[in-house]
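Overview (structure and organization)
What follows is each chain in one-letter form.
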Amino acid sequence: MQELHDAPLAPLTTFRLGGPATRLVTATTDDEVIAAVREADDSGTPLLVIGGGSNLVIGDKGFDGTALLVATRGFALDGTRLELAAGEVWTDAVARTVEAGLAGIECLAGIPGSAGATPIQNVGAYGQEVSATITEVVAYDRRARETVTLTNEECAFSYRHSRFKADPERYVVLRVRFALEDAGGLSGPIRYAETARALGVEPGDRVPLPAARETVLKLRAGKGMVLDPEDHDTWSAGSFFTNPILTDEEFAAFHARVKQRLGADAEPPAYPAGEGRTKTSAAWLIDKAGFTKGYGAGPARISTKHTLALTNRGDATTEDLLALAREVVAGVREAFGVTLVNEPVTVGVSL
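Because the structure is a prediction, the values reported are computed rather than measured. (Residues numbered from 1 in each chain as written. Predicted model: local features only at pLDDT ≥ 70, side-chain atom pairs only at ≥ 80, totals over all residues. Heavy atoms only, no water.)

This part takes up the overall build of the protein. Each helix and strand counted, the protein has 9 helices and 18 strands in total. Relative to the compact-globule value of 20 Å for 351 residues, the protein shows a C-alpha radius of gyration of 20 Å, a close match. Across its three principal axes, the protein shows a C-alpha extent of roughly 60 × 50 × 40 Å. Long-range contacts, defined here as pairs at least 24 residues apart, represent 61% of the contacts in the protein between residues at least 6 apart. As presented, the protein carries roughly 15400 Å² of accessible surface, and 49% of it is formed by carbon and sulfur atoms. One finds the centroid of the 35 positive side-chain charges in the protein at a distance of 3 Å from the centroid of its 47 negative side-chain charges. (Helix = DSSP H or I, 4+ residues; strand = E, 2+ residues; numbered from the N terminus. Rg over C-alpha atoms; globule rule 2.2 N^0.38 Å. Contact = heavy atoms within 4.5 Å. Areas by Shrake-Rupley, 256 points an atom, 1.4 Å probe, with all protein chains shown as cover. Lys, Arg positive; Asp, Glu negative; His and termini not counted. Charge placed at Lys NZ, Arg CZ, Asp CG, Glu CD.)

Quick look at the structure:
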């Protein structure tokens, strides 16, 4: 294992923010990952596990402990069954499944980060979520001090949530297994209206796999959601806030606030989210509360391409970013009575 001391963490995150770690260990095998975790646990050293760094907000003071960079590699395809090592680059893995003619994760193209992070957040976009195709997650259980295999049901997936996110100190993901679909070179049913429009098809239709992937990449790039070192709109964590899910009572109060603020004809986005629950759009809330694309005067601003992405314009600090996030949260709450929740994991800081 490679080991560095007083190691910068900002270059390991897509925000390019955060102070150094006391110690940085890079693990390239599952055994090395487990050894590093056990060493930290045995010595009582705080541990920060880093994959692709695309969902991390690290404080300016850094991390007083061991940061473990998971750099394992492994892409194993057996028929329609796929196993990925946690450190595999997610968007590269998606491209390889499309090349293999297998459907199920093609609309998750372009999402930055590592494969091991996908079950933690139940990563999803453009009508697909990994929970629909994950069969098992192999993880190191820090409480039991052993490697365990969790079924899809045991992962307790929900919207941008899972057993791993609910108990973040317990599991370190090692491998993720998927069941994909051989649909004769076609994608899964296109479920997202924007994707269907861009493809010129109806929701529910299937299209050639490469067309689905390329269309999603174009849509994401247009919103600054595909990493580009030269484009500061991509110096972000993608969507910074999750879409709020409201009870019937909460949605009724929210609906009334919308009418009061925007006029009797105004209708907020509303999507069924289970019995007695409705999901609305965080991007819509942010925009209608007055935080439009490009908002901000400092080094941290809302993306010029997408209101849901907060960005580092090049010389921001984490505190600059958090100040903007807090301003947005307070403004949306004041306008609509809805409290936005951050999607990225915060380390050493909070909103």
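Turning next to the packing of aromatic side chains. This structure, assessed with the given rule, holds 10 aromatic pairs. For the ring pair Phe-240 and Phe-241, a centre distance of 5.0 Å and an interplane angle of 75° mean the geometry is edge-to-face. Judged on exposure class, the residue Phe-240 and its partner Phe-241 are both buried. Relative to Tyr-295, the ring of Phe-291 lies with its centre 5.0 Å away and its plane at 85°, an arrangement referred to as edge-to-face. Note on Phe-291: relative accessible area 6%, which makes it buried. (Phe/Tyr/Trp six-rings, centres within 6.5 Å; stacked < 30°, edge-to-face > 60°. Buried < 20%, exposed > 50% of the residue type's maximum accessible area, 1.4 Å probe, protein only.)

This paragraph deals with the UniProt feature "active site" (unreviewed entry) in the protein. With numbering aligned to this structure, UniProt lists the feature "active site" (unreviewed entry) at Arg-160, Ser-239 and Glu-343. These annotated residues cover 184 residues of sequence, and their C-alpha atoms all fall within 11.4 Å of one another, placing them together at a single site. Along the polypeptide, Ser-239 turns up in the loop between helix H6 (209-222) and strand E13 (245-247). Excluding its chain neighbours within four sequence positions, the residues that come into contact with Ser-239 are Met-225, Leu-308, Glu-343 and Pro-344. Residue placement: Glu-343 occurs in the loop between helix H9 (318-336) and strand E18 (345-347). In this structure Glu-343 comes out as buried when scored by relative accessible area, which is 14%. Filtering out sequence-adjacent residues up to four positions away, Glu-343 remains in contact with Asn-55, Gln-121, Arg-160, Lys-165, Ser-239, Phe-240, Phe-241 and Thr-242. (UniProt positions renumbered as here; feature names shortened; annotations may be inferred.)

Okay, the environment of Leu-340 next. By the secondary structure assignment, Leu-340 is in the loop between H9 and E18. Sequence spacing of Leu-340 and Ile-286 is 54 residues, and the spatial spacing of their C-alpha atoms is 9.3 Å. Among all residues touching Leu-340, those that are not within four sequence positions of it are Phe-241, Thr-242, Pro-244, Ala-282, Leu-285, Ile-286, Val-328, Val-329 and Val-332.

Here the UniProt feature "domain: FAD-binding PCMH-type" (unreviewed entry) sits at residues 17-183. What you have in residues 17-183 is 19% helix and 35% strand, and the ends, taken at the C-alpha atoms, are 42 Å apart.

Spatial strand order, E13-E15-E14: 3 strands in an open sheet with antiparallel pairing. If you trace the sheet from one side to the other, it starts and ends with E13 and strand E14 (271-272), each paired once. One ladder, built from 3 bridges, connects E13 with strand E15 (residues 277-279); its direction is antiparallel. Following the sheet pairing, Leu-246 is matched in E15 by Thr-278. With respect to the sheet, helix H7 (residues 248-262) is in contact with E13 and E15, its orientation differing from that of E13 by roughly 100°. (Pairing = 2+ DSSP bridges. Axes fitted to C-alpha atoms, helices over the stretch in contact; angles between N-to-C directions.)

Let us now look at the side chain of Arg-170. With respect to the helices and strands, the residue Arg-170 is situated in the loop between helix H4 (163-166) and strand E12 (171-179). Within polar-contact distance, the side chain of Arg-170 engages the side chain of Tyr-171 at 3.4 Å. Every residue in contact with Arg-170, bar those within four places of it in the chain, is listed here: Tyr-140, Asp-141, Arg-142, Arg-143 and Arg-163. (Polar contact = N/O pair within 3.5 Å; in protein donor to acceptor, adjacent residues only side chain to side chain.)

Moving on, we come to the pairing of E12. Most of E12 is tucked away, with 7 of its 9 residues classed as buried. With 5 bridges connecting them, strand E7 (residues 81-85) and E12 associate as antiparallel partners. Across the sheet, Leu-82 pairs through a bridge with Phe-178, a residue of E12. Relative to E12, strand E10 (residues 134-141) runs antiparallel, the two sharing 7 bridges. Considered in E12, the bridge of Asp-141 is made with Tyr-171.

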